[in-house]
Amino acid sequence: SQQGEEDPQALSIQEGENATMNCSYKTSINNLQWYRQNSGRGLVHLILIRSNEREKHSGRLRVTLDTSKKSSSLLITASRAADTASYFCASDNDMRFGAGTRLTVKP
Amino acid sequence: DSGVTQTPKHLITATGQRVTLRCSPRSGDLSVYWYQQSLDQGLQFLIQYYNGEERAKGNILERFSAQQFPDLHSELNLSSLELGDSALYFCASSSVGIYNEQFFGPGTRLTVL
């Protein structure tokens with residue numbers, strides 16, 4: 001079974017809006033990572049949050065982690081058409097990915 | 001460019017055949033991961049090697065096998081191919097350490113006719 005489960009499966013927003021996607025995992029972790037995948041391409045690492053961190057920022061990305069709920073969220077602020085991609089989370093202990101959230105940002 | 005290379009880029013073959021996919025990790029990375037991504041199954045972890053040894057196994061079929069060689073490149077062998085094996089196959093590598101960010105290759109697109 002997959003460790004990371006992203007929600008929603010698909011998200012469509014207008015350029016300039018914020019996009020929030022969620023991830024749930026099953027077992028304890030040392031860190032959780034978010035990746036992005038453009039259609040047909042390999043995944044690209046976006047951000048890593050450690051289990052003792054609650055929030056982390058990187059540019060327009062904000063990641064939160066709630067280890068009590070075994071969940072994380074990725075917020076992309078002021079979205080751009082170029083943010084259109086699939087987003088995946090994975091925990092460090094087995095690096096199993098969920099089905100991803102397909103984000104479409106309309107210009 | 002992630003530094004991970006995969007060959008070939010595309011592969012078209014027939015059912016029942018056998019193919020070998022090749023991956024060269026980033027310089028210095030000891031871990032190699034293989035993933036299968038199909039439209040209906042998402043990204044499936046197949047297997048991980050670390051410095052030549054199998055480290056973790058995921059949803060890898062018995063018809064599939066992999067190995068990592070002393071120079072750290074890895075091969076994924078797929079045999080008795082079926083239509084449902086058509087997918088993108090990704091290789092990723094990571095360095096030693098608990099914060100094992102993975103660097104993904106461009107993938108091999110396998111089409112089984």
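Attention here is on the structure that accompanies the text. (Residues numbered from 1 in each chain as written. Chains lettered and ligands numbered in written order. Predicted model: local features only at pLDDT ≥ 70, side-chain atom pairs only at ≥ 80, totals over all residues. Heavy atoms only, no water.)

1. Observations concerning the overall build of chain A
Here comes step 1: Of the regular secondary structure elements, chain A holds zero helices and 10 strands.
Here comes step 2: Secondary structure elements of chain A, listed N to C terminal, follow the sequence β-β-β-β-β-β-β-β-β-β.
Here comes step 3: Scaling as 2.2 N^0.38, a compact globule of 107 residues should have a C-alpha radius of gyration of about 13 Å, and chain A matches this with 13 Å.
Here comes step 4: Its C-alpha atoms put chain A at 40 × 25 × 20 Å along the principal axes. (Helix = DSSP H or I, 4+ residues; strand = E, 2+ residues; numbered from the N terminus. Rg over C-alpha atoms; globule rule 2.2 N^0.38 Å.)

2. Focus on the interface of chain A and chain B
Here comes step 1: At the junction of the two partners, chain A supplies 17 residues and chain B supplies 18 residues.
Here comes step 2: Both sides together, the interface formed by chain A and chain B hides about 1500 Å², and carbon and sulfur atoms give 52% of it.
Here comes step 3: Remark: the boundary between chain A and chain B carries zero salt bridges.
Here comes step 4: In this assembly, chain A and chain B are joined by three residue pairs in polar contact (both at pLDDT 80 or more).
Here comes step 5: Where the side of chain A that touches chain B is concerned, the elements lending two or more residues are strand 4 (31–37) and strand 5 (44–50) of chain A.
Here comes step 6: Among the elements that make up the side of chain A that touches chain B, the one with the highest residue count is strand 4 of chain A (four residues).
Here comes step 7: Its residues assigned to classes, the side of chain A that touches chain B shows six nonpolar, seven polar and four charged. (Contact = heavy atoms within 4.5 Å. Buried area = accessible area lost by both parts, 1.4 Å probe. Salt bridge = Lys/Arg side-chain N within 4 Å of Asp/Glu carboxyl O. Polar contact = N/O pair within 3.5 Å; in protein donor to acceptor, adjacent residues only side chain to side chain. Nonpolar A, V, L, I, M, F, W, Y, C, P; charged D, E, K, R; others polar.)

3. A closer look at the sheet that holds strand 6 (residues 55–58) of chain A
All names here are of chain A.
Here comes step 1: Taken in spatial order, the five strands line up as 1-3-8-7-6 in an open sheet, and their pairing is antiparallel. In the strand order of this sheet, the two ends are held by strand 1 (5–7) and strand 6, each with one partner. Between one strand axis and the next, the sheet turns by 20° as a mean value, whatever way the strands run.
Here comes step 2: Judged from the four bridges that link them, strand 6 and strand 7 (residues 61–66) form a sheet pairing that is antiparallel. (Pairing = 2+ DSSP bridges. Axes fitted to C-alpha atoms, helices over the stretch in contact; angles between N-to-C directions.)

4. Details of the packing of aromatic side chains
Here comes step 1: If you walk through the whole model with that rule in mind, you get five aromatic pairs over all chains.
Here comes step 2: Ring centres of Phe64(B) and Tyr89(B) lie 6.5 Å apart, and the angle between their planes is 70°; on these two criteria the pair is classed as edge-to-face. Here Tyr89(B) lies in strand 9 (residues 87–94) and Phe64(B) lies in strand 7 (residues 64–68), a separation of 25 residues in the sequence. Of the two residues examined, Phe64(B) and Tyr89(B), each falls in the buried class.
Here comes step 3: Among the aromatic residues, ring-to-ring pairing joins Tyr35(A), Tyr35(B), Phe45(B), Phe90(B) and Phe104(B) into one connected group.
Here comes step 4: The lysine or arginine in question, Arg26(B), covers the ring of Phe103(B), its NZ or CZ lying 3.6 Å from the ring centre.
Here comes step 5: In this arrangement the basic side chain of Arg55(B) is found over the ring face of Tyr50(B), its NZ or CZ atom lying 4.8 Å from the centre. (Phe/Tyr/Trp six-rings, centres within 6.5 Å; stacked < 30°, edge-to-face > 60°. Buried < 20%, exposed > 50% of the residue type's maximum accessible area, 1.4 Å probe, protein only. Lys NZ or Arg CZ within 6 Å of the ring centre and 35° of its normal.)

5. Quick look at the state of the cysteines
Two cysteines, two sulfur atoms, one covalent bond between them: this is a disulfide.
Residues and elements named next belong to chain A.
Here comes step 1: Evaluation of the coordinates by the stated rule reveals two disulfides over all chains.
Here comes step 2: Two residues share a disulfide in this structure: Cys-23 and Cys-89, whose sulfurs sit 2.0 Å from each other. What sets the handedness of the Cys-23 and Cys-89 disulfide is the S-S torsion sign, and at about 75° it is right-handed. Taken together, the residues Cys-23 in strand 3 (residues 19–24) and Cys-89 in strand 9 (residues 85–91) connect sequence positions 66 residues apart.
Here comes step 3: Its relative accessible area of 2% is what places Cys-23 among the buried residues. (Disulfide = S-S within 2.5 Å.)

6. Quick notes on the pattern of salt bridges
Here comes step 1: A full pass over the atoms with the stated rule returns six salt bridges over all chains.
Here comes step 2: Close ionic contact of Arg60(A) with Asp83(A) constitutes a salt bridge, the shortest N to O distance being 2.9 Å. One end of the pair, Arg60(A), is in the loop between strand 6 and strand 7; the other, Asp83(A), is in the loop between strand 8 (71–76) and strand 9, with 23 residues separating them in the sequence.
Here comes step 3: What makes Arg60(A) partly exposed here is its relative accessible area of 24%.
Here comes step 4: Here Asp85(B) ties to Arg63(B) by a salt bridge, and the two come within 2.8 Å at their closest N and O atoms. Of this pair, Asp85(B) sits in the loop between strand 8 (74–78) and strand 9 while Arg63(B) sits in the loop between strand 6 (53–57) and strand 7, and the two are 22 residues apart along the sequence.
Here comes step 5: Residue Asp85(B) is classed as buried on the basis of its relative accessible area of 3%.

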